[in-house]
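# Chain and residue survey
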Amino acid sequence: MKYTVENRRIWFKGEIINVNDAKINVLAPTAQFGLNVFEGIPCYWNEEEAQLYAFRLDEHYDRLLRSAKLIQIDCKYTKDDFTKALIDVVRANEYDENLSVRQTLFVDGFGSWGSADPVEMFVAPIPRGRTSAEYNKKGLNCCVTSWRRISDETLSPRIKCGANYMNSRVGQREALRNGYDTCIFLNELGKVAEGPGSCFFMVKDGVIITPKLTDSVLESITRDTVIQIAKSENIPVVERTIDRTELYTCDEAFLCGSAMEITPVLSVDKYLVGKGEVGVLTKRLHLLYLDVVRGKNKKFKNWITPVYRL
Ligand code: PMP
């Protein structure tokens, strides 16, 4: 039976239950201090094959374990446990649509911000298009936020933990307050970092350019996907530090992430990017990306995992 979103089944501490029955104590460190690490795993429905494909599970789970290690929580689950939980819970809901699956390791119990255990997990499928507005736009008018991206010397942007999203939040709230769709963060050195839930790319003279992984960005899976797809099409890619003024003079720009996919940036601080329209290379990469995630590109078949039985 396919459940409504309000009554969807989630995987919670080893059981598959109605989302309304999943309870976490208000005093648990995850509730009080955002002490959790998580992944948002995209799953795409392939209509012709009547199959749902989970995208780059291996890379998502490697990052989840790296985040748990860096924030020092004791994870008892293995990558096989992660995969089984995701497959079981999506099957339990019988979803045949695009999803983002939230897979979260959280510190439960009655400890404090310093606690390392008990670590528990939930896995919740979220039908797409129902999260933040900026994830559903065709093109984005951005500002450079006055807040700086967190750095590896304070709280590393490499860790995908709930608490890190408070930095994303202040930038996003400032952008919305001032009439923009979203923002671009500079890092502590004043160089371009990333968006609140996405990575930044620009195009200049046919070359695709993105900040380095050491410029205060998340080790984004979509960023890596874009780089690999572009290289396979012989489109030159450069990872280098980007100046703020390059945002205003580039030919094309886009933000990308598992939720955002590839979304064109039309303007930054009211400077038009190119002609203020969707760029040619941006569009091409987006179409390629949509084929890859749906399992329609043979070169990248090893990135997808079928959720339903073959
Ligand atoms: N940067 C930040 C700050 C993010 O929150 C996200 C979303 N996870 C991304 C980049 C994109 O990462 P991914 O491609 O792995 O979804």
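As a reminder, the structure under discussion sits directly above these lines.
Below you will find a few notes about this structure. Predicted model, so just to flag it, every value in this text is computed and none were measured.

Cut-off values and rules
- Residues numbered from 1 in each chain as written.
- Predicted model: local features only at pLDDT ≥ 70, side-chain atom pairs only at ≥ 80, totals over all residues.
- Heavy atoms only, no water.
- 1 Å grid on protein atoms, 1.4 Å probe; cavity = no way out; pocket = protein on both sides within 12 Å on 5 of 7 lines; lining within 4 Å.
- Points joined across faces, edges and corners; volume = space filled by probe spheres on them.
- Nonpolar A, V, L, I, M, F, W, Y, C, P; charged D, E, K, R; others polar.
- Near = heavy atom within 4 Å.
- Polar contact = N/O pair within 3.5 Å; in protein donor to acceptor, adjacent residues only side chain to side chain.
- Areas by Shrake-Rupley, 256 points an atom, 1.4 Å probe, with all protein chains shown as cover.
- Core = buried A, V, L, I, M, F, W, Y, C linked by side-chain atoms within 4.5 Å.
- Buried < 20%, exposed > 50% of the residue type's maximum accessible area, 1.4 Å probe, protein only.
- Helix = DSSP H or I, 4+ residues; strand = E, 2+ residues; numbered from the N terminus.
- Contact = heavy atoms within 4.5 Å.
- Pairing = 2+ DSSP bridges.
- Axes fitted to C-alpha atoms, helices over the stretch in contact; angles between N-to-C directions.
- Parallel < 35°, antiparallel > 145°, perpendicular 65-115°, else oblique.
- Left-handed = near helix turned anticlockwise from the far one by under 90°.
- Patch = residues over 30% accessible without salt bridge, like charges linked within 9 Å, V, L, I, M, F, W, Y side chains within 5 Å.
- Salt bridge = Lys/Arg side-chain N within 4 Å of Asp/Glu carboxyl O.
- Phe/Tyr/Trp six-rings, centres within 6.5 Å; stacked < 30°, edge-to-face > 60°.

## As for the layout of surface pockets
Considered as a void within the structure, the second largest pocket measures approximately 200 Å³ in volume. Lining of the second largest pocket is provided by 14 residues; of these, S151, D152, T214, D215 and S216 occupy positions nearest its centre. Here the lining of the second largest pocket is built from residues that sort into four nonpolar, five polar and five charged.

## Quick word on the site of the ligand
Within the structure, the ligand sits among 16 residues, and Y165, E194, S220, T222 and S258 are positioned closest to it. Here K160 contributes a side-chain N or O atom positioned 2.7 Å from a nitrogen atom of the ligand. Protein chains shield 95% of the accessible area of the ligand, which is 390 Å² for the free molecule. Considering only residue class, the shell around the ligand consists of five nonpolar, seven polar and four charged.

## Regarding the nonpolar core
By size, the foremost hydrophobic cluster in this structure holds 32 residues, and its most contacted members are L86 and L105. Among the elements of the structure, β3 (36-46), β4 (51-55), α2 (57-71), α3 (79-93), β5 (99-107) and β6 (119-127) are those that each provide at least two residues to this core. By residue number, the principal contributor to this core is α3, which donates six residues. Not counting residues up to four positions away in its chain, the partners in contact with L105 are N36, V37, L64, A68, I73, C75, Y77, F82, V119, E120 and M121.

## Digging into unusual backbone geometry
The phi torsion of most residues other than glycine is negative, and most of the peptide bonds are trans. Backbone torsion omega between D117 and P118 reads -5°, so that peptide bond is classified as cis. Located in the positive-phi region is A50, a residue other than glycine, with phi close to 45°. Locating A50 in the fold gives a position in the loop between β3 and β4. Of the residues examined, A50 reaches a relative accessible area of 47% and is grouped as partly exposed.

## A short note on the sheet that holds β3
Backbone hydrogen bonds hold the strands of a sheet together, and the pairing may be parallel or antiparallel. Strand order in the open sheet made by the seven strands is β2-β1-β6-β5-β3-β4-β15, with antiparallel pairing throughout. Two strands lie at the open edges of the sheet, namely β2 (15-18) and β15 (304-306), each paired on one side alone. Recorded for the sheet is a direction-independent mean angle of 30° between the axes of neighbouring strands. Note that β4 and β15 share three bridges and pair antiparallel. Bridge pairing in β15 places F55 opposite I304.

## Structural notes on the packing of α2 against α3
Orientation of α2 relative to α3, taken along the N-to-C sense of each, is 120°, at an axis distance of 10 Å. Here α2 lies oblique to α3, going by the angle between them. Taken as a pair, α2 and α3 cross one another with a handedness that is right-handed. When α2 is examined against α3, the residues L57, D58, Y61, D62, L64 and L65 are found in contact with a partner set consisting of K79, F82, T83 and L86. Looking at side-chain class alone, the contact of α2 with α3 contains six nonpolar, one polar and three charged residues.

## Structural notes on a nonpolar patch on the surface
A cluster of nonpolar side chains, V26, L27 and F110, forms an exposed patch at the surface whose accessible area comes to about 360 Å². Its place among the elements puts F110 in the loop between β5 and β6.

## Some points on the packing of aromatic side chains
Within this structure, the stated rule accounts for 10 aromatic pairs. Aromatic side chains F38 and Y165 sit 5.3 Å apart centroid to centroid with 50° between the ring planes, which places their arrangement in the tilted category. Remark: Y165 occurs in helix α4 (residues 165-177) and F38 occurs in strand β3; sequence separation between them is 127 residues. With a relative accessible area of 27%, Y165 lands in the partly exposed category.

## Description of the pairing of strand β8 (residues 182-186)
Where burial is concerned, most of β8 is hidden: five out of the five residues are buried. Of the two faces of β8, the one lined by T182, I184 and L186 and the one lined by C183 and F185 are each fully buried. Across four bridges, the pairing between strand β7 (residues 140-148) and β8 is parallel. Considered in β8, the bridge of R148 is made with L186.

## A short note on the packing of helix α5 (residues 221-232) against helix α7 (residues 280-293)
Direction vectors running N to C along α5 and α7 enclose 105°, while the axes themselves pass 10 Å from each other. Between α5 and α7, the interaxial angle falls into the category roughly perpendicular. In this structure, α5 contributes T222, T225, V226, I229 and A230 to the contact, and α7 contributes L285, L288, Y289 and V292. Of the residues belonging to the contact of α5 with α7, the class tally is seven nonpolar, two polar and no charged.

## Some remarks on the environment of V192
Following the sequence through the fold, V192 ends up in the loop between β8 and β9 (199-204). Overall, V192 belongs to the buried group, its relative accessible area being 0%. Taking C-alpha positions, V192 is 31 Å from A54, a pair spaced 138 residues apart along the chain. Once residues lying within four places of it in the same chain are set aside, the contact partners of V192 are I184, F185, L186, F200, P211, D215, I242, D243, R244 and L247.

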